[in-house]
Amino acid sequence: MVNGIVFYGIPGLLAIMGLVILLQRENLIKMLIGLSVMETGVNLFIVGTNDVLKGTAPIIEEGFRIYCDPIPQALVLTAIVIGVATTALGLALVIRIYEKKGGISIKDIKEMKW
Amino acid sequence: MVSPTLLLASLLSFAFLSGLIGIRFKRGVAYILPIVFAVTLGLLIYMSRGVLDGGFLQGFTGGERPPYSINLVLTPFSLLILFLVHTLSFLLSIHLLIRGVPEPATKFVPLFILNILGVSSIILTGDLFNLFVFLEILSISSVSLIGFMRDGKGLEGGLKYLIVGGVGSSLYLLAVIILYKYTGTLNMADVGMRIGEVPEGMRRFVMLLIIAGLGVEAEIFPFNMWVPDAYQGADTRVTTLLASITSKAGMFGLVRVLFTVLGAGMNILLYLGVITFVISELMALKTKNIKRVLAYSSMGQAGLAMIAFGINTAASIAAGMLLMINHAVSKFVMFGSIEVLTDRFGLDDIKGIGLKSPVPAWSFLLATLSLLGFPFFIGFWVKLNLIFSLKPYLLVPVLLIFAVEIAYYTRILWTMFSGEAKMGKTLAGSSAVLLIGVVIVIALAFVYPYILNLSVKGTSELLFRGLYIYRVLGGGL
Amino acid sequence: MMVNQGSILIFTTFILAGLLTYFLARVSKMSGRIGGALTGLFSIIFVYLFFHIYSLPGVQNLMFLLIGLVYVSSLFLLVSKETPPIQYLLFSGAAGSTFAFINGLDFITAFIFLELSTVFVFLSIVSGDRKKGGFLYLLFNGTGGLLFLYLLYFIYMKTGRFDYSAIAFLKPDEKILALTIGFLTFAIKMGTMPFHIWQPYAYRDADNGITVFLSGAISKIGVFGAFLMVFLQGSSFRISGNVYAYLGVITAVLAGLYALLQEDAKRLLAYSSLSQLGYVVIGLGLANSLSISGAILHAVSHGIFESLLFLVVGAVYIRTKTTDLNKLGGLITYMPISFIALLFGIIATSGIPPTIGFPSKWMLYHALVINGDPVLLSLTFLASILAFLYSFRLVYSIFLGPYTLKEKVGEAPFPALAGMVFFLLPLLILGLFPGLVLKFIELPVVRFGLPDFSFTPATLKTPLATVNFLTVGVVFIAWFVVAILVYAFAGRSRWLPVKNNYTAAEAIEDERILHYTGDFYRFIRRDMNFLLRHSIQRFYRRLFNLFGVIGDGISRIYTGDVRTYVYFILLFILIVLFKIKGGFPCLW
């Protein structure tokens, strides 16, 4: 149960928090922060799937009996990098929008609809 | 035997190379585009020999067979779509050369190549996590391209796509990790084999996440809201790329994961397809901006393709593939013509532009006829195949929406070919490539039995998951 | 899905002929004209001889002959003027698909060539100067194609076959559904009343040669198809038949009424053509052997006289560059042969002997009288009266009255004249010997019960009366000659300048239309306003708007606010999650 809360509950909470930030804020930068937080939640979840307490690095030697799966860690590295790229691109767009429209509110990007 | 890896490697190296060349030759860098796609087309043709007979061509990393390595798989279905994508990219790059690439070209050219790289990788990859990575490459390059012209609308559309796409890819990542948790592997074929180890309810939840995640790229209903905004906001040259080429990747990814990995979710795909088709086409009837209308129409066609795949019979899947081909080529011509004809897109602004420059306008008209499914174009066979693979209860709504489609396209054509042109660019002799597109839709109608044959070969890997799994995991070759 | 090979070959022949002509016409105008005429004639002779079309059964053969006749004549009109090269190609395509449609006897072939004819006619109209008609044509006929697709699917699902005879395997109620759908498709193709919007515009905007073919031949696709639908049902059709008869009679009356109000000769003829096709629908709707024979005979006569009229108007256009009735007048001095052709055309339209219009209407009226529905009968009579009225307007405005154009014009070009003769001969000969046509229909109509009429080439015996068309024709011609003689020798008319008539020689402004028939039927527009106001066009516009309003309602989903877009993704997941049994517990 504790495992569940630590490895799935907290990332899940983080992801939902990020989502709430994304959905409830009007400031574009805050929305991007929300997106980023959500991605972090998912990333934590990836690491958390490896729910082995007291595990070590996967080395085939004597004494390394309980070890962690390395693949999720490799995956999460990639995911973090991608997340950074996405956030950077988003912020770049926000800067351009600010230059163009003089504001970074969600109202500034509601021109096209229907 | 040449590995499919070479295709991606050449695309990637050309993307870097074009960046380097761009430092020195700011103008000439655009000339690299046709060379790239000529090379990839050549590679594809070279690779297609075994695949045309129904075989698979695989590339591995690290010299091990999957599941112990990351693999790229060239199957008949992916060959068909890849060939379509690279042919259209080649045509589009020549078109862009004639018409002028968006400035600065030094940034546009690498982004273009990266976008095609994303598309090709999504189609080729045999690994779930790699699909996520390539999806992000695709969406980042697409967002950059949408916001390329730095006018307010492009930025707006780009940011919307970025946010919705970010949420979508997070959902997909979640699904992948859950699958990994239960099966201990990321290889599509391997996961497909072990899918029984995932509990029933979890499997459905994963399916849901995957539909939601990849649905963003595949333009099906509740996930496609960004599409009209992005298509309208982007530079029309970019929209041509997005609508005709990039959108095929999302559909392919969704179909591949659902059919091969999960082997479930066709019903949801069918329902979502119907909803998408109906809503998008009704929206298109109502909308007054021509780029937006074409965007809605693209979504409608995506929905129609999803209906075809969702019905999940050999005939309907083949019809779905044909539909993707028809839609890609026609939309290429249509957006291309719109780009040549005008730079304002209200229904009043396009009045009479067809009379001013006949070549692109007539290309638009003929491509529309193909999209609407009239004979002498491949669209007719597509429509016939599709209708005959439909389930009876779907027939009336689909035909009704077809009529709606005819109605709004007639209105657009009518507007284009009547009245006095208010304004418009007059650019003669620069739209020959569009005519090639028209020739393609006509020529495809004449080699239709061959195309159908190819699509039917492609259906077997989707209909029988075991075939794909067996071939990839060692039975093939 | 096997497409009829013969149909494909016919179509290919015509396309090749069209391509050849296209390239010849690109080389020089003269070579295009000569080449067009030769390749066209050659392809039709080739098709006739090579495919043994003369040995085809009944109505099919008749339609082939009729469409061949119209084809040759409209080809003549095409080559007698400056026709853009592409029109030759598109015309050939349209002609080829029409022939192929008639030739193929299964639904899939029919569907392919139905759609092909739509595409070619659409492209042909749109490549001209005025385009509105083309788009309306596409809109309506494209939708009609979808209806036919429904029929195709329906019959294939129920019987697993594509040939026409598959209908026989349907259950009775399924038959009626299939029939209704099929009939509606072909009603759109014919342009019957609720679906007629495209017709006046398309006929007006098409190239004159194409208009001849549109009216004479392409509408016969509709007639042939509708006949097939009725034929395949046999006598079981009669249950719903009267509905169609009423559809037809409404078309005949309203189209006749609209025809009175037109200011453009081609639009007038379009409505007249529509009105005449209404008779055909009446005949098909009554579905007994007499009425069906009458309908087919009337379809043939419609093909002949309507094409002739369009041909003459086309020839007039070649010389005067206008078809506006208010601008024309007095052309009889310069184009006497065309006048005579038009005169016979409208005589046939009105159903007067010795032309072919007489026997066909005769048969239809007898069928109506035997049927005994007084409303149907009297409305049909009304339509005939309207036909007199608009025919008068046509001939008077163009050829009689004062000459209104500035410069002199010549007689119609030779190929067009040849085309007129091409139509005049069957118009008169078949008018005297309608039995020649009836022979083709003799066998098929047995399906609707044993014929209660008998005929020889010149006579027809119905339960009501026996008539010898040859005698009637000769008597009419004799009276005609007598009338001319009286007019020539005892006439007391005097020629005056037109202004004297109106103004007692006072000066007036030039813009006034002094022609006698200028806005001739103004009073009808005034008095019938209550009827004409509720146009069906408005209904379609409202339908279009209705879908637009639905789209408008849906469009509120696309708010433009990116947060809403994310909400929808979450909403989808939540909604579907509730449908999953035991979904959430598995998370732990």
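None of the values given here were measured: they were computed from a predicted structure.

Considering the packing of aromatic side chains
All names here are of chain C. Taken as a whole, this structure holds 59 aromatic pairs over all chains when the rule is applied. Arranged with centres 6.0 Å apart and planes meeting at 50°, the rings of Phe-11 and Phe-120 form a pair that is tilted. Note that Phe-11 is positioned in helix H1 (residues 5–27) and Phe-120 in helix H5 (residues 107–126), a separation of 109 residues in sequence. Each member of the pair, Phe-11 as well as Phe-120, is classed as buried. Measuring from centroid to centroid gives 5.0 Å for Tyr-137 and Trp-198, while their planes differ by 85°, and the two rings are edge-to-face.

Details of the sheet that holds strand S1 (residues 454–455) of chain C
Residue and element names in this part refer to chain C. Spatially, S1-S2-S3 is the arrangement adopted by the three strands of the open sheet, whose pairing is antiparallel. Strand pairing shows two members of the sheet lacking a second neighbour, S1 and strand S3 (466–468), which therefore form its edges. Alignment of strand S2 (residues 459–461) against S3, held across three bridges, turns out to be antiparallel. For Leu-460, the partnering residue across the bridge sits in S3 and is Val-467. Against the sheet, helix H18 (residues 469–490) touches S2 and S3, its axis set at about 55° to S3.

Regarding empty space enclosed by the protein
Any empty space left between the atoms is revealed when a probe the size of a water molecule rolls over them. What the rule picks out here adds up to six cavities of 30 Å³ or more. Computed from the structure, the largest cavity encloses a volume of approximately 90 Å³. Lining the largest cavity are A:Glu39, A:Val42, A:Asn43, A:Ala79, A:Ile82, A:Gly83, B:Phe132, B:Glu136, B:Gly166, B:Ser169, B:Ser170 and B:Leu173. Among the secondary structure elements, those contributing two or more residues to the lining of the largest cavity are helix H2 (28–48) and helix H3 (70–101) of chain A together with helix H5 (128–146) and helix H6 (152–183) of chain B. Looking at the lining of the largest cavity residue by residue, the classes come out as five nonpolar, five polar and two charged.

A word on the environment of B:Leu394
Residue and element names in this part refer to chain B. Tracing the chain through its elements places Leu-394 in helix H17 (residues 392–416). Between the alpha carbons of Leu-394 and Ser-69 there is a distance of 43 Å; along the sequence they are 325 residues apart. Apart from residues no more than four positions distant in its own chain, Leu-394 is found in contact with Leu-270, Val-274, Ile-307 and Ile-311.

A look at the domain arrangement of chain C
You can read the domains of chain C as domain 1 (5–480) and domain 2 (536–587). For domain 1 of chain C and domain 2 of chain C, the distance between their C-alpha centres works out to 48 Å.

With respect to the pairing of strand S2 (residues 71–74) of chain B
All names here are of chain B. Judged by which residues are buried, S2 turns out to be covered on both faces: Asn-71 and Val-73 on one side and Leu-72 and Leu-74 on the other are all buried. Here four bridges tie strand S1 (residues 57–60) to S2, and the two strands are oriented antiparallel to one another. Bridged to Leu-57 within S2 is Leu-74.

Describing the interface of chain C and chain A
Taken together, the 12 residues of chain C in the interface contact 16 residues of chain A. Interface area, chain C with chain A, both sides summed: about 1200 Å², of which 65% is carbon and sulfur. There are two salt bridges connecting chain C and chain A. The interface formed by chain C and chain A contains two residue pairs in polar contact (both at pLDDT 80 or more). Per-element accounting of the side of chain C that touches chain A gives the leading share, five residues, to helix H23 (residues 562–579) of chain C. Residue composition of the side of chain C that touches chain A, by class: six nonpolar, three polar and three charged.

Looking at unusual backbone geometry
At the junction of B:Glu103 and B:Pro104, the peptide bond is cis and its omega measures out at -5° in the coordinates. By secondary structure assignment, the location of B:Pro104 is in the loop between helix H3 (76–99) and helix H4 (105–124). The amide bond that connects C:Pro353 to the next residue, C:Pro354, takes the cis arrangement and shows omega of 5°. For B:Glu219, which is not a glycine, the phi torsion comes out positive at approximately 65°. Its identity is not glycine, yet B:Phe376 carries a phi of approximately 80°, on the positive side. Summarising the element assignment, B:Phe376 is placed in the loop between helix H15 (358–372) and helix H16 (378–389).

Parameters and conventions
Per-chain numbering applies: the sequence of each chain, read as written, is numbered from 1 onward. Lettering for chains starts from A, numbering for ligands starts from 1, and both go in the order in which the items are written. Confidence filtering applies because this is a predicted model: local features only for residues at pLDDT of at least 70, side-chain atom pairs given and counted only at 80 or more, and all residues used for totals across whole chains, interfaces and linings. Heavy atoms from the whole structure form the basis of all side-chain values; hydrogens and water molecules are not counted. Two aromatic rings from Phe, Tyr or Trp, using only the six-membered ring of Trp, form a pair when their centres are within 6.5 Å; if the ring planes differ by under 30 degrees the pair is stacked, by over 60 it is edge-to-face, and anything between is tilted. Segments assigned H or I by DSSP are reported as helices when at least four residues long, segments assigned E as strands when at least two residues long, and all are numbered from the N terminus. Burial classification: accessible surface area is computed with a 1.4 Å probe over protein chains only, and a residue below 20% of its type maximum counts as buried, one above 50% as exposed, and the rest as partly exposed. In short, DSSP must find at least two bridges between two strands for them to pair. Any pair of residues with heavy atoms lying within 4.5 Å of one another is described as a contacting pair. An axis is simply a line fitted to the C-alpha atoms; with a helix, the fit covers only the stretch in contact. Between two such axes, the angle follows the N-to-C directions and lies from 0 to 180 degrees. A pocket, in this scheme, is an open set of points on a 1 Å grid over the protein atoms alone with protein on both sides within 12 Å along at least 5 of 7 lines, while a cavity is a set where a 1.4 Å probe fits but cannot get out; residues line either one if an atom lies within 4 Å of a point. Grid points are joined across faces, edges and corners, and a volume is the space filled by probe spheres set on the points. Residue polarity is assigned by list, with Asp, Glu, Lys and Arg as charged and Ala, Val, Leu, Ile, Met, Phe, Trp, Tyr, Cys and Pro as nonpolar; anything else, Gly included, falls into the polar class. Note that domain bounds follow an automatic or database assignment of domains. When two parts are brought into contact, each loses some accessible area as probed by a 1.4 Å sphere; the total of that loss over both is the buried area. Each salt bridge in this description consists of a side-chain nitrogen of Lys or Arg and a carboxyl oxygen of Asp or Glu lying within 4 Å of one another. N or O atoms within 3.5 Å of each other form a polar contact, as long as, within protein, one can give a hydrogen and the other can take it, and as long as residues adjacent in sequence are counted only when both atoms are side-chain atoms.

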